[in-house]
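Per-entry structural report
Spelled out, the chains give:
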Amino acid sequence: MSAGPQFFGVIPPTTTPFDAEGNILFDAFRTQVRFMVESGVHGLCVGGSSAEGHTLEMGELQALLETAAETLDGKLPLIAGVIINSTRQAVDRCKMAARAGSVALQVTPPHYVFRPSDDAIVDHFRAIAEESGLPVLIYNVVPWCYLNPALLIRIMREIPGVIGVKQSNGDLKLLADLLQEIPEGKLVFTAVDALLYSSFALGAHGTIAANPAAAPVAVVKLWDLVQAGRHDEALALHRKLLTFWNALICDDLPACIKYAQSLQGVPLALPRAPMRMPDEARKRRIADAFAAINGAERAAA
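Not measured: the values here are computed from a predicted model. (Residues numbered from 1 in each chain as written. Predicted model: local features only at pLDDT ≥ 70, side-chain atom pairs only at ≥ 80, totals over all residues. Heavy atoms only, no water.)

Considering the overall build of the protein chain
When helices and strands are tallied, the protein chain shows twelve helices and eight strands. On C-alpha atoms alone, the protein chain measures out to a radius of gyration of 18 Å, which is about the 19 Å that the 2.2 N^0.38 rule sets for 301 residues. Dimensions along the principal axes, computed over C-alpha positions, put the protein chain at roughly 50 × 45 × 35 Å. By the burial criterion, 55% of the 301 residues in the protein chain qualify as buried. Once local pairs closer than 6 in sequence are excluded, the contacts in the protein chain between residues at least 24 apart make up 71%. For the protein chain, the computed accessible surface area is about 12,200 Å², with 51% contributed by carbon and sulfur atoms. A distance of 2 Å separates the average location of the 26 positive side-chain charges in the protein chain from that of its 31 negative side-chain charges. (Helix = DSSP H or I, 4+ residues; strand = E, 2+ residues; numbered from the N terminus. Rg over C-alpha atoms; globule rule 2.2 N^0.38 Å. Buried < 20%, exposed > 50% of the residue type's maximum accessible area, 1.4 Å probe, protein only. Contact = heavy atoms within 4.5 Å. Areas by Shrake-Rupley, 256 points an atom, 1.4 Å probe, with all protein chains shown as cover. Lys, Arg positive; Asp, Glu negative; His and termini not counted. Charge placed at Lys NZ, Arg CZ, Asp CG, Glu CD.)

With respect to helix 4 (residues 118-132)
With 15 residues, helix 4 ought to run about 21 Å at 1.5 Å a step, and its terminal C-alpha atoms sit 21 Å apart, in line with that. Within helix 4, burial applies to I121, V122, H124, F125, A127, I128, A129 and S132. Packing partners of the buried residues in helix 4 comprise helix 3 (87-99), strand 4 (104-107), strand 5 (136-140), helix 5 (149-158) and strand 6 (162-167). (Expected span 1.5 Å × (residues − 1).)

Section: the side chain of E52
Take E52: it is sitting in the loop between strand 2 (44-46) and helix 2 (58-72). The buried category is assigned to E52, whose relative accessible area is 0%. A polar atom in the side chain of E52 sits 2.8 Å from the backbone nitrogen of R272. Setting aside chain neighbours within four positions, we find E52 in contact with T16, F18, P254, K258, P271, R272 and M275. (Polar contact = N/O pair within 3.5 Å; in protein donor to acceptor, adjacent residues only side chain to side chain.)

Brief notes about the pattern of salt bridges
Using the criterion set out here, one finds twelve salt bridges in the structure. The partner of E60 in a salt bridge is R272, and the shortest N-O contact between them spans 2.8 Å. With E60 in helix 2 and R272 in the loop between helix 11 (253-262) and helix 12 (280-300), this residue pair connects regions lying 212 residues apart in the sequence. E280 serves as the salt-bridge partner of K283, at 3.4 Å between the closest nitrogen and oxygen. Within this pair, K283 and its partner E280 are both found in helix 12, separated by three residues, close to a single helical turn. You can call K283 buried: its relative accessible area is 16%. Put simply, D119, D123, R126, R154 and E158 are held in one network by salt bridges that share partners. (Salt bridge = Lys/Arg side-chain N within 4 Å of Asp/Glu carboxyl O.)

With respect to a nonpolar patch on the surface
A surface patch of nonpolar side chains, about 500 Å² in accessible area, is lined by Y112, V113, F114 and W144. For W144, a relative accessible area of 43% corresponds to the partly exposed category. (Patch = residues over 30% accessible without salt bridge, like charges linked within 9 Å, V, L, I, M, F, W, Y side chains within 5 Å.)

With respect to the confidence of the model for the protein chain
In the predicted model, the protein chain carries a mean pLDDT of 94, and the fraction of residues at 70 or more is 96%. Below pLDDT 50 for its whole length, residues 1-5 participates in ten contacts with residues either more than four positions away or in separate chains. (pLDDT = per-residue confidence, 0-100.)

Re the side chain of T16
One can find T16 in the loop between strand 1 (9-10) and helix 1 (26-38). Of the residues examined, T16 reaches a relative accessible area of 1% and is grouped as buried. Within the structure, T16 has its side chain in polar contact with the backbone oxygen of A51 (distance 2.8 Å). Sequence-distant contacts of T16, defined by excluding residues within four places in its chain, comprise I24, A51, E52, L56, L64, K258 and L270.

Thoughts on the packing of aromatic side chains
Using the criterion set out here, one finds three aromatic pairs in the structure. With 5.0 Å between their ring centres and 90 degrees between their planes, F200 and W223 make a pair best called edge-to-face. Linking F200 in helix 7 (residues 196-202) with W223 in helix 9 (residues 216-227), this pair joins segments that are 23 residues apart in sequence. For the pair formed by F200 and W223, the shared burial category is buried. Across the ring face of Y139, the terminal group of K166 is positioned such that the distance to the ring centre comes to 3.8 Å. (Phe/Tyr/Trp six-rings, centres within 6.5 Å; stacked < 30°, edge-to-face > 60°. Lys NZ or Arg CZ within 6 Å of the ring centre and 35° of its normal.)

Given below as structure tokens:
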């Protein structure tokens, strides 16, 4: 199974809009999906950590994926985020994602505190790839089950259906090592929001991260500038995006992303408890940093 040319560039993870009782607001979700399409992104990921995917029941994830697929109507590739511990449950969710219209999967390693052995992790991703029939990106984010470059490369060599990795560690050398050693045809996406420019310049195939969800137009612009070799302009935009990221990153991050999206016409919705909305000081900081990005975008246009 090849990666295919459709997986590249800026692929924002959606947030999941909830009401005060924790119910999903599907009309607001459709608006968000349309906003992402209009922002010029290259794909969409539904059900990841920015979507509070660890809180979603399988039926809820299915409904979100079906809604996204219907709204996208083939305009962009749809990737399903799967955050679950057991191989059996992961396989069930991934099969469901295929039926719901997803064309690829973003799957975390088991995220409970006890780490499986390397061989067990290989078997876990083999079962997911083979039984779901969809291409798999490993979401390398779990601190106590972090997969080093050697293990990631082993998985990609042994399992054709694992097409790449979404790398979340802030160490740029780990990303560089992966890009240096990755098997031909496999993909490395970055999830390190503070280092998007550096990651793109090193040759990362794209990003699936919080900043693309919170400021998709600016991140697409950053991607385009790097691809065009306009590095002075890209670096200037990176600095604005870094200030924005530093305003965004805190406890309850998905709620902060939702607030940033609301500055761009997406209906403001709540996170699911126990997460809370940002306080007024945090909102002002996010809004000010976002306003500065808009100025940088106009200057780079």
